[in-house]
Structure formats: structure tokens, C-alpha cells
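# Observations on the three-dimensional arrangement
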2 protein chains.
Amino acid sequence: MTGRALSTPAEATEDEVRAVAQRARQASFELAALNRGVKDQALHAMAGALEAAAADLLEANAADVAAARESGTAEPLVDRLALNPDRLAAMAQGLREIAALPDPVGEVVRGFTRPNGLQVQQLRVPLGVLAVVYEARPNVTVDAAGLALKSGNASLLRGSASAISSNRALVAVLSEAAVKAGLPEDAVQLAPGTDRSSVTHLLRARGLVDVVIPRGGAELIRYVVENSHVPVIETGTGNVHIYVDAEADLEMAEQIVLNAKTSRPSVCNAAESLLVHRSVAAEFLPRIVSALHERGVLVHGDAYFTAVDPSVRAATDHDWQTEYLALELAARVVADVDEAISHIRQWSSGHSEAIVTRNLDTARRFVSRVDSAAVLVNASTRFIDGAEFGFGAEIGISTQKLHARGPMGLTELTSTKWVVFGDGQIRG
Amino acid sequence: MTGRALSTPAEATEDEVRAVAQRARQASFELAALNRGVKDQALHAMAGALEAAAADLLEANAADVAAARESGTAEPLVDRLALNPDRLAAMAQGLREIAALPDPVGEVVRGFTRPNGLQVQQLRVPLGVLAVVYEARPNVTVDAAGLALKSGNASLLRGSASAISSNRALVAVLSEAAVKAGLPEDAVQLAPGTDRSSVTHLLRARGLVDVVIPRGGAELIRYVVENSHVPVIETGTGNVHIYVDAEADLEMAEQIVLNAKTSRPSVCNAAESLLVHRSVAAEFLPRIVSALHERGVLVHGDAYFTAVDPSVRAATDHDWQTEYLALELAARVVADVDEAISHIRQWSSGHSEAIVTRNLDTARRFVSRVDSAAVLVNASTRFIDGAEFGFGAEIGISTQKLHARGPMGLTELTSTKWVVFGDGQIRG
């Protein structure tokens, strides 16, 4: 039954989707007025409920896994989909960690008293209704629900058809626990439908949905951006560059490149392109190419790199723009830091870029002229991560410039409201 | 010649629009690295250039005004379009006031050192390329160019066909003065074309344009929101409510309603709807209706209001949702503050709402449960304005929740960038 959801995506009409969004909006009004204590109790209750329902959740997940295998899904994707007791425990722990984080709602961002006596405050408030459109991993269902709840937002969770059985079971457990703990009905909901058109209905629910966050591949993100009438926060596309400068500590450079490329190739803060200053190419290229080769990294390089080792393939423009998310790396030699900056401006997705150098002027020039969400000097790009920044769980890493940029914590899931107190002031 | 632009909007191809946007992007890289001194000198030079070119600018504007009259444009719209020496002087003065404002670029928003020694800073940076799509008033051309420049952004200005002659002349003068003062070419540009399709090309220039801000009527804003692939900041639609509570000072309430409705009916922070608590209706309705009537305000009211005076028309749902921008007001009686809040949730555009009350609990309930960009207690909604907040010139008042909400000053025209300094840290 649940398995069938994969082969035959369920449709949802626009009216069905809007009805669910309308309920989320009503819940959001109640959520916005809740104190931290109530929200944290609900998060702990949700964590406990996940553990208590482990058997049912694993059974529901097994249906998705079986359907995925039936349909010939590749094992790495099946692994992303699969739950086990450890993964469930980690999801519950994640909710408890969110409960331990400070509540951003109610923070006074700015405040002043005007000459006419008006007292003006800018207060942090929830966004309202948060829609998250994502692929595969069921843990996103729990993370997103928890982060949205803690920041006072109602959530509409739209996972992929391949995880529908798991997501239905997870949301049922989370929602029941939340309501028992005193939260409004419909604070956490699964958006109806598993076909593309039901996503489109969600993207058109202006006035009901306040923001849509796509989490997934470039194709999903492009579809959301190009079809949404609701504001979107783009996350997670990382064509990440490392530039090794003429004055780099080459041992440090080698360690940073290897860490950024190989410590976890499948994530968005992994390095995808290497740029090396011409003056250190003769010394650095042979050692980095062999070190990468040892670790099974396929290098797509320019003429300098292909000349170093037969294992290096000739790079094309396709390589400069590709986020491999695998043990592959595009590599070229540049004349100077400005050519490195130009290359990054042309090809980067604006996620994170690093420079390795001992020269302060060069570091400052790179930092001020590279326009990405994060710019690192002498450190691995793998540190661009909400947990590494101390934000706790993150809903994603924004690669756009509006509203949020870089790792998104709870604060990035809020808006602000101006509150003005007077005693009868009118404008002359 | 220039007048013809009105009757026959000039088309621009997607390639032409993208080429201009690409030049703006190049300029934005240079602008982002400029110090405040250079930007302020340029703003003063631009102000001086406007005054020096007054005769040419007025002549160019006269062509637009003549074309508008020829085509039978209503006089109030012709007046919005028309320039005169005083209005030009005010535009120049506006640029000097922008020069006097602090530079938001480079502000350290947050900063911390991680246990592993990584030094992390979140720095304020320009958005990059700012496109503004607006109607009629040529002063928007100067305000937007000045605010974009001060915040380090390149601007693509897309005014209406009716002001094309004025806008071409203004941008030519501003751009020449800016370049002479040391700014990059293409820091300030008019987006090509005056037809709808050329706007669409601008809205599709993802990766070249960082944000689009529509300034104009609801139809223009809806078109931009529904067609843009570039992030949008919505501004300026204000279906503004005033709720007069059971415990209001009725003299204060009358003054606030009259000020909010009649001091400048054509602006977005003017009141459009009045909600009155049933318990004070018998006393307040007759006095407010006659006071509004005296000032030429047409009231569209519920049965309570129509019973008070024959001049009151029966209100329909159309009235509850209309932003009149004229001497008209929708009015009804409500049972309590919660019915007022429900009415506002159903009909408000989320701009600004005010309550008049002496009861602290009621005030706090209204403030926490009304989800608009601004909520006022015992003050006129006309104060929700960048200048009234001390922000200096504003590019608009955001009615969306993402990125900016309420009056938008220079800070709202910036993004942030994470800068991380290390000494070789790699992730375990």
C-alpha cells in the first residue's frame, strides 16, 4: 500500500493543498504567541514519541526501502532513505538539542525613542508558515519540523514520493506528540500529494505560505525558484573553490585540499575546484595530484595538471561548473589571485571559497572581492556548517543574498515586526 | 522624439537586457570594494550635476508631460510626473542627505572564535545588482540610484514609458557625474526597453540581478512577483486598519483617525479601514462620521455606520480589501479586540495597523497577535515611514516577511558574508 506511493505518485488538488496551508496559517498565529517553555516541552515530547514509536517507524520505512529496491534505486540512495534504531535515536537527540537552543522569538533587534516621544522597537517574530520541499532523507522531516517549531513557525513538509511511507509515519507521531504537549493542531503537517503538480500548488499559495525552502538537487531548486510565487530561500548548491596562492604554506594547502575534498565528498561544503598559482605549480602539482590519486580522487585538470600525471583527465567547461559531490576535482593553474577571483566569479555557485596564503594583502583582497556566502583563509571549507558555527541543527546553507546567507540557524527562520507605542501622536 | 516613447513603448531583447545586467554585475564588484568617502563624494557630485543640468532636465521632463497630456492622462498623474526647479532641488538635497547617512557596508554583524581557534565574522556587504521597477515619479530614479550607490550596489532603473525622457536625462546626468567622481562605469544604468517584455527579461536575469524591488500599484507588484526568477522585495501595498477599543480615549481616537486618513490620503501608510468596539459605537460613530464627512471622506460602513448618517454607503467585501489611496474609508463595528484581529488577519495587506486603547492587556494582545510589518498603539499610522524612523530616504516599505519588513533604509539594501580566518584547521 505505502510502497505503491513510489510507483504511482498521489496527486493533490490545489484546493486540497490550500486547505492544508490555511490550517497551517491558523496554527501559525497560535505558535507565534507561545512561550519558549511550551515549545521546548513539545520538542522533548516529540523526541520521546519518536523513540516510543520506533518499531512502527522502522516498519513504515521498510516499505519505502523495499519499494525503492524494487524500482531499482541505486544503493547509495537507498542508504540515504533507510532508517535504523541509531538513526532514529539521532533524530530524537536532534530535537532535544533544538530544545536546548535559545529562542530567537521576541528578541529586540533595534529600538529607539523619536523626538516626538514615539517609542519604536523592532521585535523578532516567526516567519509564519514554512514550507520545506526536500528529497529522500527522512531525517529532514524531523529536523525541519523541530527547527520550524522552535522558531515559532508552522511547517508544511513536502518530502519525496520515495519516502512517503516514512514521512507519513514520522509526521503522525510528531504531530500527535506536539498536540498532546499543548501545541495547536496543524503546527506540523505533511503537504498533501507526492506528484510535481502538488508541489506547484504549494509554490502558488501566496498569502498562506510565507517561505519555501527547497532542499535537494539543483534541478529541484531550479524548479522551485522558477515556479514559486512565494518567497524562496535557496540552499545547498556548492561549487566550492580552493585557491593555493604563491605564498601558501604548501603542506597546509595539501592538508586543506585533501580534507575539503575527501573527508565527506557528498556534502555541499566539500571542495569541487582547485586553483593553484603558477609560481608554485611546479612544486605543488605533483604532490597534490599524487596525494589525491592515492585517495581515489579523479582530477579533471588543465594542461599543467594533465602534464603531471596520466591519471589526470583534461578538464572542460563542464568540469568548472560541476558540483561533483563525489571523489572528483576540477583543477587549473592561474596567473595570480585576480585570475583566481575571476574564475570563481564566473563559475562559483556562491557557497564557500577558500584561499591558502601567508600574504595579508592577498588574503584581504581575496576576502573582499570574492562574493560568496563564506570566504575562508587558511582553513578547510568543510567548516561552513551550522553545527561547526555553533548554531545547532541547521535547515540548510543559503547560497542567495536575500534574508539569509550561509548556514541557517533558528534566527534565519524568523522575521521582524515594528512595534510603536505613543500617547496620541499625529503627524503634522 | 522622446514623447513618442509613450505611445510606442520601445522593445528590448533579452540579450540587450542581459548585456546591461552583466555590465552592472561587473560594476558591482568594484562598488563593493569602495570606501565610504568615494561614495559620498560621488553622491555630492551627482547632486551638483542635477542642479547644473536643471534646464536640460526640465526640458526632457516637459516632453513626457506634453506626451502624457496628449494621451489624456489624468492631471493628478501628470502632476506626479512633472518636475520643476523646486522638485529638482529636493532631489539633489535628497542625494546629499544620503551622503550624510552612515555606510552600512563593512559592519560586523556577528563574530566569534570557535574552540578550534577559527575566527568567524559575519560582515555586511552590498547585495550586488539592484533592479528597481517603478511607475511615473522621476524622483524615484534619483532616490533609488542614490540609495543603491551608498549601500554599494549597482542599480538597474526601470521606470515607466511615461517618464522615459525624464529618466534617460536624469540617469545620463547622474552616471556621468558618478564616473567623473571615480565610480565604475555602469554603476547607475537605465534598464533598456519600455515595454512589458523588457521587464520580464530583467526578472529572468538570475545570476546577474540580485534583487528586484517593484514600486508601484498592486498590478505591477503582482506581475513582478509572479514572473520573477530573481528574489523580490514587495513594497508599498497598504490596506491599513485602525481599531478603536472599548477603553479608547475617544478624542485621541478621533484625532488619530482623521490624521491617518486625511493628512495624505495617497500614501501607503494612510488608514483605509476603521474598526470600532461595539461598546463605544453609540458615542464614537456619530462624531467620527461627521468629522470625516466635514473633511470630504466618503465612508463605506456596516449597518451601524449606515444608521448614523445618510452619507455613509453600505460596505461590501470589496471595501474591506480595497486600498483606496483617496478620501474614502471602510468602517465597521466589532464585538471585541479578537474580532478586530480576525478582521485584520482576513483583509490586511500586512503593512501597518493601529489600536487606540488605555488597556495594557488589550494593547499587548493586539501587538502580539496582529501580524503586520508595523503595529502601533495610540499613534497615527502615518509615522510608519523611513524618514519618520530616522532612516533618511527610503526605497520603500516592505510588506513581506523575508529579508526586510517595514521601512527599508540602507541596511535593508545589504546582505552579509561570512569571513573565516584560520591557521590550517581541517575538519576531523
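What you see is a predicted model, and the numbers here were worked out from it, not measured in a lab. (Residues numbered from 1 in each chain as written. Chains lettered and ligands numbered in written order. Predicted model: local features only at pLDDT ≥ 70, side-chain atom pairs only at ≥ 80, totals over all residues. Heavy atoms only, no water.)

Below, the discussion takes up the overall build of chain A. The helix and strand tally for chain A stands at 16 helices and 16 strands. Its C-alpha atoms give chain A principal-axis dimensions of about 70 × 70 × 35 Å. Counting all 428 residues of chain A, 59% fall into the buried class. Side chains of chain A carry 40 positive and 52 negative charges; the gap between the two charge centres is 5 Å. (Helix = DSSP H or I, 4+ residues; strand = E, 2+ residues; numbered from the N terminus. Buried < 20%, exposed > 50% of the residue type's maximum accessible area, 1.4 Å probe, protein only. Lys, Arg positive; Asp, Glu negative; His and termini not counted. Charge placed at Lys NZ, Arg CZ, Asp CG, Glu CD.)

The phi dihedral of His403(A) falls on the positive side, at around 75°, and the residue is not glycine. With respect to the element layout, His403(A) can be found in the loop between strand S14 (396–398) and strand S15 (406–408).

Here the focus is the interface of chain A and chain B. How big an interface is tends to be stated in terms of the accessible area lost upon association of its parts. Opposite the 73 residues of chain A that make contact, chain B presents 73 residues. In total, about 6500 Å² of surface goes out of reach between chain A and chain B, with carbon and sulfur atoms giving 54% of it. The largest per-residue losses of area from chain A upon contact with chain B belong to Leu402(A), Trp418(A) and Arg427(A), which jointly make up 13% of the total buried on that side. For the pair chain A and chain B, the interface holds 10 salt bridges. Across the pair Glu234(B) and Arg206(A) runs a salt bridge, and its minimum N-O distance is 3.1 Å. On the surface where chain A and chain B come into contact, there are 45 residue pairs in polar contact (both at pLDDT 80 or more). Examining the composition of the side of chain A that touches chain B, we find that 11 residues originate from one element, strand S16 (residues 414–425) of chain A, more than from any other. Partitioned by chemical class, the residues of the side of chain A that touches chain B number 34 nonpolar, 19 polar and 20 charged. By the bridge criterion, five bridges tie strand S13 (residues 374–379) of chain A to strand S16 (residues 414–425) of chain B in an arrangement that is parallel. Its bridge partner lying in S16(B), Val375(A) is registered against Val419(B). (Contact = heavy atoms within 4.5 Å. Buried area = accessible area lost by both parts, 1.4 Å probe. Salt bridge = Lys/Arg side-chain N within 4 Å of Asp/Glu carboxyl O. Polar contact = N/O pair within 3.5 Å; in protein donor to acceptor, adjacent residues only side chain to side chain. Nonpolar A, V, L, I, M, F, W, Y, C, P; charged D, E, K, R; others polar. Pairing = 2+ DSSP bridges.)

Residues and elements named next belong to chain B. Inspection of the secondary structure puts Val334 in strand S11 (residues 328–334). Of the residues examined, Val334 reaches a relative accessible area of 1% and is grouped as buried. Here the alpha-carbon distance between Val334 and Val105, two residues 229 residues apart in the chain, equals 47 Å. Once residues lying within four places of it in the same chain are set aside, the contact partners of Val334 are Tyr243, Leu275, Val276, His277, Arg278, Glu339 and Ala340.

What follows deals with the side chain of Ser198(A). Residue and element names in this part refer to chain A. Along the polypeptide, Ser198 turns up in helix H9 (residues 196–203). Here Arg158 takes part through its side chain, which lies 2.8 Å from a polar atom of the side chain of Ser198. At a separation of 2.6 Å, a polar atom in the side chain of Ser198 contacts the main-chain carbonyl oxygen of Asp195. Setting aside residues up to four positions removed in sequence, Ser198 forms contacts with Ala12, Val17, Arg158, Pro192 and Gly193.

Overlaying chain A with chain B gives an RMSD of 0.0 Å, the required rotation being 180° about an axis along which the chain moves by 0.0 Å. Here the copies are linked by what is in effect a two-fold axis. Using C-alpha coordinates, one finds that chain A approaches the rotation axis most closely at His403(A), a distance of 1.8 Å. (Least-squares fit on C-alpha atoms with pLDDT ≥ 70 in both.)

Domain boundaries in chain A define domain 1 (14–235 + 408–421) and domain 2 (240–383). In this structure, domain 1 of chain A and domain 2 of chain A have C-alpha centres spaced 35 Å apart. (Domains from an automatic or database assignment.)

Attention shifts here to the packing of aromatic side chains. Applying the stated rule across the entire model yields 12 aromatic pairs over all chains. What links up through ring pairs into an aromatic cluster is the set Phe112(A), Trp418(A), Phe389(B) and Phe391(B). When the ring centre of Phe29(B) is taken as reference, the NZ or CZ atom of Arg345(A) above it lies at 3.8 Å. (Phe/Tyr/Trp six-rings, centres within 6.5 Å; stacked < 30°, edge-to-face > 60°. Lys NZ or Arg CZ within 6 Å of the ring centre and 35° of its normal.)

Time to look at the pattern of salt bridges. Proximity of charged atoms lets side chains of opposite charge pair with each other. Under the counting rule described, the total for this entry stands at 48 salt bridges over all chains. A salt bridge links Asp210(A) to Lys401(B); its shortest N-O distance comes to 3.3 Å. With Asp210(A) in the loop between H9 and strand S6 (211–215) and Lys401(B) in the loop between strand S14 (396–398) and strand S15 (406–408), the pair connects residues from two separate chains. Taking the relative accessible area as the measure of exposure, Asp210(A) reaches 18% and is therefore buried. Linked through salt bridges whose partners overlap, the residues forming this network are Asp210(A), Asp371(B), Lys401(B) and Arg405(B).

This paragraph deals with the pairing of strand S13 (residues 374–379) of chain B. Residues and elements named next belong to chain B. Of all the six residues making up S13, six are buried; the element is thus mostly covered by neighbouring parts of the structure. Sheet topology note: the strand S12 (residues 352–356)/S13 ladder contains four bridges and is parallel. Its bridge partner being in S13, Ile355 is matched across the sheet by Val377.

Regarding helix H10 (residues 218–227) of chain A, the residues found buried are Leu220(A), Ile221(A), Tyr223(A), Val224(A), Val225(A) and Asn227(A). Contacts made by the buried residues of H10(A) are with strand S3 (129–134), H9 and S6 of chain A.

On to the sheet that holds strand S8 (residues 271–277) of chain B, then. Strand order in the open sheet formed by 10 strands is S1(A)-S2(A)-S16(A)-S13(B)-S12(B)-S7(B)-S8(B)-S11(B)-S9(B)-S10(B), and the pairing between neighbours is mixed. Looking at the sheet topology across the chains shown, the edges are occupied by strand S1 (108–113) of chain A together with strand S10 (313–314) of chain B. Taken together, the five bridges between strand S7 (residues 240–244) of chain B and S8(B) define a ladder with parallel strand orientation. Bridged to Ile242(B) within S8(B) is Leu274(B). Running over the sheet, helix H16 (residues 360–369) of chain B touches S16 of chain A together with S7, S12 and S13 of chain B and is turned about 170° from S12(B). (Axes fitted to C-alpha atoms, helices over the stretch in contact; angles between N-to-C directions.)

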